[in-house]
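Residue-level structure breakdown
Single-letter residue listing:
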Amino acid sequence: MTVSLYQISVDCHDAPALARFWTRVLDWKVLYEDADEIVIGSDAAALPGICFLTVPEGRTVKNRLHLDLSPDDQAAEVERILALGATRADVGQGDDATLVVLADPEGNEFCVLRPKKTLLD
C-alpha cells in the first residue's frame, strides 16, 4: 500500500484572510475556494496543500502541530513575515534558540529556521 500526504488542514475563524496571509508567506496561490474552505498550494499538481476550514470555536492551547519554514535569510524572512501580519510568539524557546517562533494572524505558531545550509553546522 502506498500513501501520500495530501494536505494539512487548519481550523480558523476567517479562512479567506488566513489563507491569503499564507499565500503571501509561501508565495503560493489559492487552488480551491468555497464558503467553508480554501485550499492553497504551490501548484495544483504539487502536494501537499494547506486547507483552511472555517470553524466557530477558537484555539485554546499551544499548537500540537506547526509548520517549520526554511528560508535563505532568516532575519529578512522574519521581518517580511512580520510585515505581512505575523507576530512574535514565546513558546518557551529561550534566548539561545536558533529558530524564530512566530504566530499567524489567528495565533497559530510556526517556526522560521536557520537556512538549510547551516542546519547541520
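Scroll up to find the structure.
I will try to describe carefully the structure that is included in this document. Note that this is a predicted model, so its numbers are computed, not measured. (Residues numbered from 1 in each chain as written. Predicted model: local features only at pLDDT ≥ 70, side-chain atom pairs only at ≥ 80, totals over all residues. Heavy atoms only, no water.)

Looking at the pairing of strand β4 (residues 49-54)
Here 6 bridges tie strand β1 (residues 7-12) to β4, and the two strands are oriented parallel to one another. The partner of glutamine 7 across the bridge, within β4, is glycine 49. Relative to β4, strand β3 (residues 37-41) runs antiparallel, the two sharing 4 bridges. The residue bridging isoleucine 40 from the neighbouring strand is isoleucine 50, located in β4. (Pairing = 2+ DSSP bridges. Helix = DSSP H or I, 4+ residues; strand = E, 2+ residues; numbered from the N terminus.)

Brief notes about the environment of leucine 67
Structurally, leucine 67 is set in strand β5 (residues 67-69). Between the C-alpha atom of leucine 67 and that of valine 55, which follows or precedes it by 12 residues, the distance is 20 Å. Setting aside its immediate chain neighbours within four residues, leucine 67 contacts Ile8, Trp22, Ile50, Glu109, Phe110 and Cys111. (Contact = heavy atoms within 4.5 Å.)

What about the side chain of threonine 23?
Along the polypeptide, threonine 23 turns up in helix α1 (residues 15-26). Non-local contacts of threonine 23, meaning those with residues more than four positions away in its chain, are made with Trp28, Lys29, Val30 and Ile40.

Some points on the sheet that holds β3
Across a sheet, paired strands are connected by hydrogen bonds in the backbone, their directions being either parallel or antiparallel. An order of β1-β4-β3-β2 is seen for the 4 strands of this open sheet, with the pairing classed as mixed. Each edge of the open sheet is held by one strand with a lone partner, namely β1 and β2 (29-33). Here the strands of the sheet are splayed against their neighbours by 25 degrees on average, with no regard to which way each runs. The strands that α1 touches are β1, β2, β3 and β4; relative to β3, the one it contacts most, it runs at about 5 degrees. (Axes fitted to C-alpha atoms, helices over the stretch in contact; angles between N-to-C directions.)

A look at the sheet that holds strand β8 (residues 109-112)
Strand order in the open sheet made by the 4 strands is β5-β8-β7-β6, with mixed pairing throughout. What marks the edges here is a single partner per strand, and that holds for β5 and β6 (87-88). With 2 bridges connecting them, β6 and strand β7 (residues 100-103) associate as antiparallel partners. What sits directly across from arginine 88, in β7, is leucine 102.

Observations regarding the packing of α1 against helix α2 (residues 74-84)
Relative to each other, α1 and α2 sit at 155 degrees, their axes nearing to 10 Å. The orientation of α1 relative to α2 falls into the category roughly antiparallel. For the pair α1 and α2, the crossing hand works out as right-handed. From α1, Phe21, Arg24 and Val25 reach across to α2, where they touch Arg80, Ile81 and Leu84. (Parallel < 35°, antiparallel > 145°, perpendicular 65-115°, else oblique. Left-handed = near helix turned anticlockwise from the far one by under 90°.)

Regarding the nonpolar core
Residues Trp22, Phe52, Ile81, Leu102, Phe110 and Val112 are the most contacted members of the largest nonpolar core, which totals 20 residues. Put simply, the parts of the chain that give this core at least two residues each are β1, α1, β3, β4, α2, β7 and β8. Tallying contributions element by element places α1 first for this core, with 6 residues. Ranked by size, the runner-up nonpolar core spans 5 residues in total, among them Ala89, Val101, Ala103 and Leu113. (Core = buried A, V, L, I, M, F, W, Y, C linked by side-chain atoms within 4.5 Å. Buried < 20%, exposed > 50% of the residue type's maximum accessible area, 1.4 Å probe, protein only.)

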